[in-house]
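Letter by letter, the chains look like this.
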Amino acid sequence: MMSEFKEFIAKGNVLDLAVGVIIGAAFGKIVTSLTDDLIMPVVGRIFGGLDFSSKYMVLSGDVAAGTPLDAARKAGANVLAYGSFVTAVINFLIMAFVIFQIVRAANKAMPPAAAPAGPSEVDLLTEIRDSLKK
């Protein structure tokens, strides 16, 4: 069982997947920082100083108006944090767009796959000859 496990781990696909997951996690942090630290402040500035990450609606519980989101949650209020959702959607759209651009560039850089080679003319003529003999 251990030798099978070692063989499984040593396969290139598993190692490639592990590297992809690690790079993907790091890339996710970059996109999150890009969104939280650069894009959302600009969007907030455009909309008059609006900070999306702290926007929420109280569904149940007593929370004073203007209470920060973390404090409202600690007070036991049931909140609908739509600002966090908007930020997560923007993160997703940025990441999807960047991945799309990477795949698009990779597809352009790779040569098209060669068409599968069919039988040669000699093979076809031999096959026709053999069919006629029958």
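Residues numbered from 1 in each chain as written. Predicted model: local features only at pLDDT ≥ 70, side-chain atom pairs only at ≥ 80, totals over all residues. Heavy atoms only, no water.

## Considering the overall build of the protein chain
The helix and strand tally for the protein chain stands at 5 helices and 2 strands. For the protein chain, the succession of helices and strands along the chain, N to C, is α-α-β-α-β-α-α. Since a compact globule built from 134 residues should have a radius of gyration of about 14 Å, the 29 Å found for the protein chain marks it as more spread out than a globular shape. C-alpha extents for the protein chain along the principal axes are approximately 95 × 45 × 30 Å. When each of the 134 residues of the protein chain is scored for burial, the buried share is 13%. Contacts in the protein chain between residues far apart in sequence, at least 24 positions, make up 48% of those at least 6 positions apart. Accessible area for the protein chain stands at about 10800 Å²; split by element, carbon and sulfur atoms hold 68% of it. Seen as two clouds, the 12 positive and the 12 negative side-chain charges of the protein chain have centres 3 Å apart. (Helix = DSSP H or I, 4+ residues; strand = E, 2+ residues; numbered from the N terminus. Rg over C-alpha atoms; globule rule 2.2 N^0.38 Å. Buried < 20%, exposed > 50% of the residue type's maximum accessible area, 1.4 Å probe, protein only. Contact = heavy atoms within 4.5 Å. Areas by Shrake-Rupley, 256 points an atom, 1.4 Å probe, with all protein chains shown as cover. Lys, Arg positive; Asp, Glu negative; His and termini not counted. Charge placed at Lys NZ, Arg CZ, Asp CG, Glu CD.)

## Brief notes about the environment of Tyr 56
When you line up the elements, Tyr 56 lands in the loop between α2 (12-46) and β1 (57-60). Since its relative accessible area comes to 16%, Tyr 56 is described here as buried. Distance from Tyr 56 to Val 89, taken between C-alpha atoms, is 16 Å for residues 33 residues apart in sequence. Contacts of Tyr 56, omitting those with residues within four sequence positions, involve Val 63, Thr 67, Pro 68, Leu 69, Ala 72, Val 79, Leu 80, Ala 81 and Tyr 82.

## Focus on helix α4 (residues 82-109)
Between its terminal C-alpha atoms α4 stretches 41 Å, which fits the 40 Å expected from 28 residues at 1.5 Å a residue. Inspection of α4 places Gly 83, Thr 87, Asn 91 and Ile 94 among the buried residues, and these make up the whole buried set. (Expected span 1.5 Å × (residues − 1).)

## Some thoughts on the confidence of the model for the protein chain
Summing up the model confidence of the protein chain, the mean pLDDT is 83 and the portion of residues at 70 or higher is 98%. Of all helices and strands in the protein chain, the one with the weakest mean pLDDT is helix α1 (residues 2-10) (77), whereas helix α5 (residues 121-133) scores best (90). (pLDDT = per-residue confidence, 0-100.)

## Re the side chain of Thr 67
With respect to the helices, strands and loops of the structure, Thr 67 is situated in the loop between β1 and α3 (69-74). A distance of 2.5 Å separates the side chain of Thr 67 from the backbone oxygen of Ala 64, its partner in a polar contact. Once you skip the residues sitting within four places of it in the chain, Thr 67 turns out to touch Tyr 56 and Ala 72. (Polar contact = N/O pair within 3.5 Å; in protein donor to acceptor, adjacent residues only side chain to side chain.)

## Topic: a nonpolar patch on the surface
Together, Met 57, Leu 59, Leu 80 and Tyr 82 make up a nonpolar patch on the protein surface, roughly 380 Å² of accessible area in all. Mapping Met 57 onto the fold places it in strand β1. (Patch = residues over 30% accessible without salt bridge, like charges linked within 9 Å, V, L, I, M, F, W, Y side chains within 5 Å. Salt bridge = Lys/Arg side-chain N within 4 Å of Asp/Glu carboxyl O.)

## A look at the pattern of salt bridges
Where side chains of opposite charge bring their charged atoms close, a pairing between them can arise. According to the stated counting rule, one finds 1 salt bridge in the structure shown. One salt bridge in this structure joins Asp 130 and Arg 129, with 3.2 Å as the shortest N-O distance.

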